[in-house]
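Take a look at the letters that make up each chain.
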Amino acid sequence: MVTLDRKRRLVVTCFLFYNKKMFKFIVKSFLLLFFLAVVTCPLLFLLGVIDKSPAVGKPPELSFDQVRRMEQLIRRYKPDSMTVRAFRQVKISEQDLNLMAAYGAFQLIDQFAIFPRIRLSDPFINISTTVQIPQTPLGEYINTACVIEIENASPRLHSISVGFFTLPGPLITSALSCLGQALLVQDNYKLVLQSLDALESVAIRRQQLSFTYDWNPDVLNRLREIRKTMLISPEDQDRLIVYSNALAKLSRIFKEHGIKKISVIRVTRPLFQLASDQSNVSKDPVGENRALLQAISLFCLGRRPDRFVTEERAAKLIPPEHIDLTLYGREDLVKHFFVSAGIAVSGGSKLSNFAGLVKEVGDSDGGSGFSFADLAADKAGVRLAELATGSAQKASAIQQKMAAVKTEDQFMPRIDHLPEGIMALQFKKRYADFDSKAYTLIEDEITQRINACLVYQF
């Protein structure tokens, strides 16, 4: 016969056993739910973000007239043209906004294919963007939409959408404000706000966006100082100074010997040898080549690197002497070649090619005329930049090749029989546009000549 104590112990044991099983069940259930949340939430997010069809289609191929219009807009709104504080009024049509946005994204961004579209509908500015990503089972596009509302002549973020998800503007604004205060020091954060507050009297009328901007060069200069510390690492600034000073020393040696004009080979050989020596120490031939090409491009433009380094580092710069560098006896080809290379290592190949094309179209409209020889120099400079900064192995190989070149045609293609001095009307009559057969034939010929250069053969 079971005693009362034994019954109580039996009940307690059963209760504890039951609770233990229940506890295990709760823990397992919680872990399962956590696992499902970790797995399903990203999937649900991807399902809501990735789409099989683009909201904005790819823009048509660039036309001659569109490039000419881009060149006009860049010239009109170039900020460096204003050196004193003033209020500047800007009026730009929806068509021009879309031209600048579409070709700015398509031509200047190397990593992704981005297709933007802007619609002006008072009081809203609707900015739709499609980002093309590698093919996935869910699709290959991410569609976004940003709505800006004009309220009391000031822009206000209304909402941002990514796929099926929409976030209200005030939430995004608060998040960006917190992020800005967290990432920027107080003075820099106030400076960014000051530059944003300079935008005044924003309005939309007849498919045209107009606004007044309080242009303050002092604020711009201070923002440039922030950019130096945020976007250009101390190591890259030091490298830029090394090659700029080496170039300055060479220019002084040439000047002492009464040399005013010289083949660019006399500069590139010792500089690329220096880059090779520096790479043995830094173990970063890509970084060394980038700084080298930036230094030469600035020298060709007659600009000091002060704008890209801090004031403390700028004090270490050696003033260069003016020396005219040449390619095939021409100064313009050197500028096209190395400025394109400098832009390519700084902003990407698309940006450099596009900048060269815009320059030639501008020259055709009242300048020296469209030159396929200049375009060949642009493209060759981009090719050198791509190889010099593409990988550590190729960067080292380029250093060795450029340090040993004997003739200019080893890295600059021949320019004989390439048409030059073509005015706008002549270009339209002879080549029609950039996708015409006549234009493509010459472009292909330039590519073949570049491929034949010894330095670019791997």
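What counts, and at which threshold
Residues numbered from 1 in each chain as written. Predicted model: local features only at pLDDT ≥ 70, side-chain atom pairs only at ≥ 80, totals over all residues. Heavy atoms only, no water. Core = buried A, V, L, I, M, F, W, Y, C linked by side-chain atoms within 4.5 Å. Buried < 20%, exposed > 50% of the residue type's maximum accessible area, 1.4 Å probe, protein only. Helix = DSSP H or I, 4+ residues; strand = E, 2+ residues; numbered from the N terminus. Contact = heavy atoms within 4.5 Å. Phe/Tyr/Trp six-rings, centres within 6.5 Å; stacked < 30°, edge-to-face > 60°. Lys NZ or Arg CZ within 6 Å of the ring centre and 35° of its normal. Expected span 1.5 Å × (residues − 1). Polar contact = N/O pair within 3.5 Å; in protein donor to acceptor, adjacent residues only side chain to side chain.

Engineer: So what about the nonpolar core? Which residues, and what values?
Structural biologist: Ranked by size, the top nonpolar core spans 63 residues in total, and within it Leu293, Phe337, Phe411 and Tyr456 carry the most contacts. For this core, the elements supplying multiple residues, two or more each, are helix H7 (234–256), helix H8 (265–282), helix H9 (285–301), helix H11 (331–347), helix H13 (372–390), helix H14 (392–403) and helix H16 (437–452). For this core, the leading source of residues is H13, giving eleven residues. Setting aside its immediate chain neighbours within four residues, Phe337 contacts Leu327, Ala377, Ala380, Gly381, Leu384, Phe411, Met412 and Tyr456.

Engineer: Tell me about the packing of aromatic side chains, and please be specific about residues and values.
Structural biologist: One pass over the structure, following the stated rule, counts two aromatic pairs. Both rings, one in Phe337 and one in Phe411, keep their centres 5.6 Å apart while their planes meet at 75°; by these two values the pair is edge-to-face. Pair noted here: Phe337 is in helix H11 and Phe411 is in the loop between H14 and helix H15 (424–431), with a separation of 74 residues, a long-range link. Phe411 shares its class with Phe337; the two are buried. Members of the aromatic cluster, joined through ring pairs, are Phe337, Phe338 and Phe411. The aromatic ring of Phe458 is capped on one face by Lys394, whose charged end is 5.8 Å from the ring centroid.

Engineer: A description of H13 should follow, citing residues and the corresponding values.
Structural biologist: Its 19 residues place the ends of H13 26 Å apart at the C-alpha level, agreeing with the 27 Å of an ideal helix rising 1.5 Å per residue. Of the residues that open H13, the one with a side-chain oxygen 3.3 Å from the backbone nitrogen of Ala373 is Ser371.

Spatial relationships are all this shows, so hold off on functional conclusions.
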